[in-house]
Amino acid sequence: MIIIYGGAFNPPTKAHYLISKMLIEKFRPDTFYFLPVGEKYNKRDMASFVDRFNMTSIVANHLPKASVSTVENENKFRGTYYILKEFSQIDPDLYFVMGADNFDYLDKWIMADNLIKEFKFIILTREGYDVDKLINEKYHEHKENFIIVKVEIPISSTNFRNSKNKEILLDEVYSYIESNNLYEVNEDA
């Protein structure tokens, strides 16, 4: 089994680490990949792919069987469907992890119908999103492809970018941010 955890990881937080650790312990995958979005992803205030890759690698180094993929930053972005097709050549028993906030608009993704039909998802709950309702309203034909995992960790990358609270991050990730002058965090603060 392969688990692929997609996201911006801008920056990766303790929540990303704790969720990944919990998923690895619960599902015991052969491989666990972090899949940071590439440079072509249109999002404000995002650190470079190299910096997000390096910070996410720090997190992956603290987890068994975890690594970080660069595939979303290679060549032209084709969409998650095609990336999962490539990974499924390695192992067809594949799960894509996403938060409820992204799940809310999964039906708008590139090749969404095929993506939802052909792949399995681990959906992480998030306050303000009713995942069961979303599945029943939007994806009921393929509800067997969704596993809901309850998460109650009120930490996000946005929290860090807004507060600069180093307690939200692993120490090594915060040190990387300081050393590379990211997110307007300076070493004198």
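The structure displayed is predicted, hence computed values, not measured ones.

Procedures and definitions
- Residues numbered from 1 in each chain as written.
- Predicted model: local features only at pLDDT ≥ 70, side-chain atom pairs only at ≥ 80, totals over all residues.
- Heavy atoms only, no water.
- Salt bridge = Lys/Arg side-chain N within 4 Å of Asp/Glu carboxyl O.
- Phe/Tyr/Trp six-rings, centres within 6.5 Å; stacked < 30°, edge-to-face > 60°.
- Buried < 20%, exposed > 50% of the residue type's maximum accessible area, 1.4 Å probe, protein only.
- Helix = DSSP H or I, 4+ residues; strand = E, 2+ residues; numbered from the N terminus.
- Patch = residues over 30% accessible without salt bridge, like charges linked within 9 Å, V, L, I, M, F, W, Y side chains within 5 Å.
- Areas by Shrake-Rupley, 256 points an atom, 1.4 Å probe, with all protein chains shown as cover.
- pLDDT = per-residue confidence, 0-100.

Draft legend 1. Quick look at the pattern of salt bridges. Summed over the entire model, instances satisfying the criterion amount to 8 salt bridges. Each of Asp-104, Asp-107, Lys-108 and Lys-138 takes part in one network of salt bridges that share partners.

Draft legend 2. Examining the packing of aromatic side chains more closely. Under the defined criterion, the tally for this structure stands at 18 aromatic pairs. Ring centres of Tyr-81 and Tyr-82 lie 5.2 Å apart, and the angle between their planes is 80°; this geometry places the pair in the edge-to-face category. Residue Tyr-81 is classed as buried on the basis of its relative accessible area of 7%. Between the aromatic rings of Phe-160 and Tyr-183, the centroid separation amounts to 6.0 Å while the plane-to-plane angle is 85°, which identifies the pairing as edge-to-face. Pair noted here: Phe-160 is in helix α7 (residues 157-163) and Tyr-183 is in the segment after α8 (171-179), with a separation of 23 residues, a long-range link. Here the two residues Phe-160 and Tyr-183 agree in accessibility, since each one is buried. An aromatic cluster is present here, built from Phe-96, Phe-103, Trp-109, Phe-121, Tyr-139 and Phe-146 joined pairwise through their rings.

Draft legend 3. Broad picture of a nonpolar patch on the surface. On the surface, a nonpolar cluster with roughly 320 Å² of combined accessible area is contributed by Phe-77, Tyr-82, Ile-110 and Met-111. Inspection of the secondary structure puts Met-111 in the loop between α4 (100-103) and α5 (112-118). Here Met-111 falls in the partly exposed class, since its relative accessible area comes to 32%.

Draft legend 4. The arrangement of the confidence of the model for the protein chain in detail. Per-residue confidence for the protein chain averages 92 on the pLDDT scale, and 97% of its residues sit at or above 70. Mean pLDDT in the protein chain bottoms out at α4, which sits at 88, and peaks at strand β3 (residues 66-68), which reaches 98.

Draft legend 5. Structural context of unusual backbone geometry. Residue Pro-11 follows Asn-10 across a cis peptide bond; omega there is -5°. With respect to the helices, strands and loops of the structure, Pro-11 is situated in the loop between β1 (2-7) and α1 (14-27). For Asn-181, which is not glycine, the phi dihedral falls at a positive 50°. Mapped onto the elements of the fold, Asn-181 is located in the segment after α8.

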